[in-house]
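If you want the building blocks of each chain, they are given just below.
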Amino acid sequence: SYPEVEYDGPRNLAEALEITQTDGFFIANTEDLVNLDELIEYRKNNTLPAWDGTFNSIWAPAAGISPLTWAFKLNLQKGSKIVVYDVSKFALNVTRRIINEWDGTEYSKFAKHLMNDIADGQKLPRKELTDIFKGINKLKFADEIVEELNKDGFKQWIKDVLPTINVVYKFVNLLDPQQYKDFTVDIVKKEVGYMHLSNIFHYFPTSFHYSLQQ
């Protein structure tokens with residue numbers, strides 16, 4: 001549903017309007033984890049003042065377990081900060097539960113229990129789970145990512161390090177100019193951070209409302 005394509009917008013109007021609702025959550029990530037080692041090494045050798053390659057904060061949207069996977073891959077340690085940001089208050093609340101309750105194993109099992117618990121709390125029929133939770137069919141893929149990360153100590157990091165990290169949840173609409181300005185001012189501090197954007201600027205609902213240039 002891209003504004004530049006004359007007929008695609010009207011053809012996908014119903015789905016586009018449905019998916020732009022902010023009461024949903026991607027329970028499993030649908031993108032591969034990118035290896036940042038080369039980029040980090042390049043920055044270490046080409047940054048002034050000198051940087052040793054360590055991060056003390058990450059910023060990630062509320063989607064699946066991505067805030068945790070990026071925090072682990074970038075080796076955040078005690079006293080670091082994770083900022084989970086999103087335009088969806090529902091997604092922020094679900095991510096808060098994942099970070100507070102998940103132990104780093106059997107993510108599919110945990111996610112299914114969490115979805116059912118939320119459905120019970122909202123008195124939703126089980127058949128409506130797919131209306132608010134996206135990416136359910138990617139839970140197996142999420143398990144594979146977790147299994148790979150656990151070879152490097154992900155579960156132990158969640159147990160030992162995560163409780164010592166400051167986790168902040170920010171409601172923000174990056175397409176609102178004033179909120180975007182406030183958000184970026186908040187990021188530009190002395191701390192060295194990684195900003196994960198996922199595909200939020202090249203995404204079906206976003207493209208329905210904004211052109212690529214915008």
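Structure: above.
Residues numbered from 1 in each chain as written. Predicted model: local features only at pLDDT ≥ 70, side-chain atom pairs only at ≥ 80, totals over all residues. Heavy atoms only, no water.

A closer look at the side chain of Ser108
Structurally, the position occupied by Ser108 is in helix 6 (residues 107-121). Only 3.2 Å separates the side chain of Ser108 from the backbone oxygen of Leu139, close enough to count as a polar contact. Among residues more than four places away in sequence, those in contact with Ser108 are Leu139, Lys140 and Asp143. (Helix = DSSP H or I, 4+ residues; strand = E, 2+ residues; numbered from the N terminus. Polar contact = N/O pair within 3.5 Å; in protein donor to acceptor, adjacent residues only side chain to side chain. Contact = heavy atoms within 4.5 Å.)

Re the packing of aromatic side chains
Considering all chains together, one arrives at 11 aromatic pairs under this definition. Centre to centre, the rings of Phe72 and Trp157 are 5.9 Å apart; their planes meet at 65 degrees, and the pair counts as edge-to-face. In this pair, Phe72 sits in helix 4 (residues 66-73) while Trp157 sits in helix 9 (residues 154-160), placing the two residues 85 residues apart along the sequence. Within the aromatic cluster, the residues linked to one another by ring pairs are Phe72, Trp102, Tyr107, Phe110, Phe154 and Trp157. The lysine or arginine in question, Lys89, covers the ring of Phe171, its NZ or CZ lying 4.9 Å from the ring centre. (Phe/Tyr/Trp six-rings, centres within 6.5 Å; stacked < 30°, edge-to-face > 60°. Lys NZ or Arg CZ within 6 Å of the ring centre and 35° of its normal.)

Brief notes about the nonpolar core
Of all hydrophobic cores here, the largest spans 50 residues; its most connected members are Trp102, Tyr107, Phe133 and Trp157. Taken together, the elements giving at least two residues each to this core come down to strand 2 (57-61), helix 4, strand 3 (81-86), helix 5 (89-101), helix 6, helix 7 (129-132), helix 8 (139-150) and helix 9. With seven residues, helix 6 is the single largest residue contributor to this core. Within the second largest apolar cluster, six residues are counted, among which are Trp59, Tyr85, Val172 and Phe183. (Core = buried A, V, L, I, M, F, W, Y, C linked by side-chain atoms within 4.5 Å. Buried < 20%, exposed > 50% of the residue type's maximum accessible area, 1.4 Å probe, protein only.)

Some details on the pattern of salt bridges
The tally for this structure, following the rule as stated, stands at four salt bridges. Salt-bridge contacts for Glu41 lead to Lys44; the nearest nitrogen and oxygen are separated by 3.7 Å. Of this pair, Glu41 and Lys44 both sit in helix 3 (residues 37-46), separated by three residues, roughly a single helical turn. Notably, a salt bridge pairs Asp117 with Arg97, separated by 2.9 Å at the nearest N-O pair. (Salt bridge = Lys/Arg side-chain N within 4 Å of Asp/Glu carboxyl O.)

Here we look at helix 8
The end-to-end C-alpha separation of helix 8 is 16 Å, in line with the 16 Å expected for 12 residues at 1.5 Å each. Buried within helix 8 are the following residues: Leu139, Ala142, Ile145, Val146 and Leu149. The buried residues of helix 8 occupy an angular sector of 110 degrees when the element is viewed end-on, so they sit on one face. For helix 8, the exposed residues lying more than 90 degrees away from the buried face are Lys140 and Glu147. (Expected span 1.5 Å × (residues − 1). Arc of directions from axis to C-beta.)

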